[in-house]
Amino acid sequence: MTIGETIVKQNPHIKLAIPDIWFGPVLKLLGDNEQVMWSLDEKGWAAVNQALDVMLYTIAEVCSKESNFVITSEMLADNPYHQNFFERIQHAATKRAATLTPVRLLCELNELLFRVQNKSRSAYFKTRDVELIKKRFTEEQVFFSKMPNEFTLDVTHLTPDESAANIMQWVTSNQ
């Protein structure tokens, strides 16, 4: 999210679409903290998905075709919800006749553990659970779209400004 915000600051013609912000009102109705994500039942997930549908419909059908978007989300390779999320983004991009450039961000464990403890994450129902992050880091892989224009960037030792610049350079040179 931080890098997405930085991209928008550096390129004001790009709009930021953060699913966490769209889900936030739904999640706030269902719980007080990030644990609500772990307790969602089928109806809760349906409500979260409706919020996502509104965001993607707006991007695909309502926004100007000249608009560009950064959509941020944690995505794990073996998570079926994350796969479905990516497919829905692809569908929205296809409806817009837009180029989708997936960006995978990688980070070394110690730096990731430092970053995940940032108190600002709580406002977006993001986990601050260090043990969960350690478990995910050792047992799971970051999602890989297999699209030929996907960009993988290790952000461990990069500032948000440096990361944003690297991403935009890749996007510009691969359109």
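Look above for the structure.
Predicted model, so just to flag it, every value in this text is computed and none were measured. (Residues numbered from 1 in each chain as written. Predicted model: local features only at pLDDT ≥ 70, side-chain atom pairs only at ≥ 80, totals over all residues. Heavy atoms only, no water.)

Undergrad: What is the right way to look at the overall build of the protein in this model?
TA: Assigned secondary structure in the protein consists of eight helices and four strands. Listing the helices and strands of the protein from first to last along the sequence gives α-β-α-α-α-β-α-β-α-α-β-α. Counting across all 175 residues of the protein, residues that qualify as buried make up 37%. Restricting the contact set of the protein to residue pairs at least 6 apart, pairs at least 24 apart contribute 70%. Per element, the accessible surface of the protein, about 10,700 Å² overall, is 53% carbon and sulfur. (Helix = DSSP H or I, 4+ residues; strand = E, 2+ residues; numbered from the N terminus. Buried < 20%, exposed > 50% of the residue type's maximum accessible area, 1.4 Å probe, protein only. Contact = heavy atoms within 4.5 Å. Areas by Shrake-Rupley, 256 points an atom, 1.4 Å probe, with all protein chains shown as cover.)

Undergrad: Just to check I follow, could you spell out the packing of helix α2 (residues 19–30) against helix α4 (residues 42–62) for this structure?
TA: Between two packed helices, the angle of one axis relative to the other and the distance separating the axes together describe the packing. For the pair α2 and α4, the least separation of the axes is 9 Å and the interaxial angle reads 150°. You can see that α2 and α4 cross each other, and the crossing is right-handed. Only G44, A47, V48, A51, L52, V54 and M55 of α4 make contact with α2, whose side of the interface consists of P19, W22, F23, V26, L27 and L30. Among the residues forming the contact of α2 with α4, the class breakdown is twelve nonpolar, one polar and no charged. (Axes fitted to C-alpha atoms, helices over the stretch in contact; angles between N-to-C directions. Left-handed = near helix turned anticlockwise from the far one by under 90°. Nonpolar A, V, L, I, M, F, W, Y, C, P; charged D, E, K, R; others polar.)

Undergrad: Whenever I open this one, the pattern of salt bridges confuses me. Can you help?
TA: Counted under the stated rule, the structure contains three salt bridges. Between D53 and R88 there is a salt bridge, with the nearest N and O atoms lying 2.1 Å from each other. Remark: R88 occurs in helix α5 (residues 80–96) and D53 occurs in helix α4; sequence separation between them is 35 residues. For E61, the salt bridge goes to K95, with nearest N and O atoms at 3.3 Å. (Salt bridge = Lys/Arg side-chain N within 4 Å of Asp/Glu carboxyl O.)

Undergrad: Would you mind going over the nonpolar core with me for this structure?
TA: Nonpolar side chains in soluble globular proteins tend to be buried together. F23, L27, V48, L52, M55 and L56 are the most contacted members of the largest nonpolar core, which has 21 residues in total. Elements with a minimum of two residues in this core: α2, α4 and α5. Counting residues per element, this core draws most heavily on α4, at seven residues. Those residues within four positions of M55 in sequence are excluded, and the remaining contacts are A17, I18, P19, W22 and I71. Core analysis: the next-biggest nonpolar cluster, separate from the first, contains twelve residues, C107, L153, I167 and V171 among them. (Core = buried A, V, L, I, M, F, W, Y, C linked by side-chain atoms within 4.5 Å.)

Undergrad: Honestly, a nonpolar patch on the surface in this entry has me stumped. Any pointers?
TA: Where nonpolar side chains cluster on the molecular surface, the patch consists of I21, W22 and V54 and spans about 260 Å² of accessible area. By the element assignment, V54 lies in helix α4. (Patch = residues over 30% accessible without salt bridge, like charges linked within 9 Å, V, L, I, M, F, W, Y side chains within 5 Å.)

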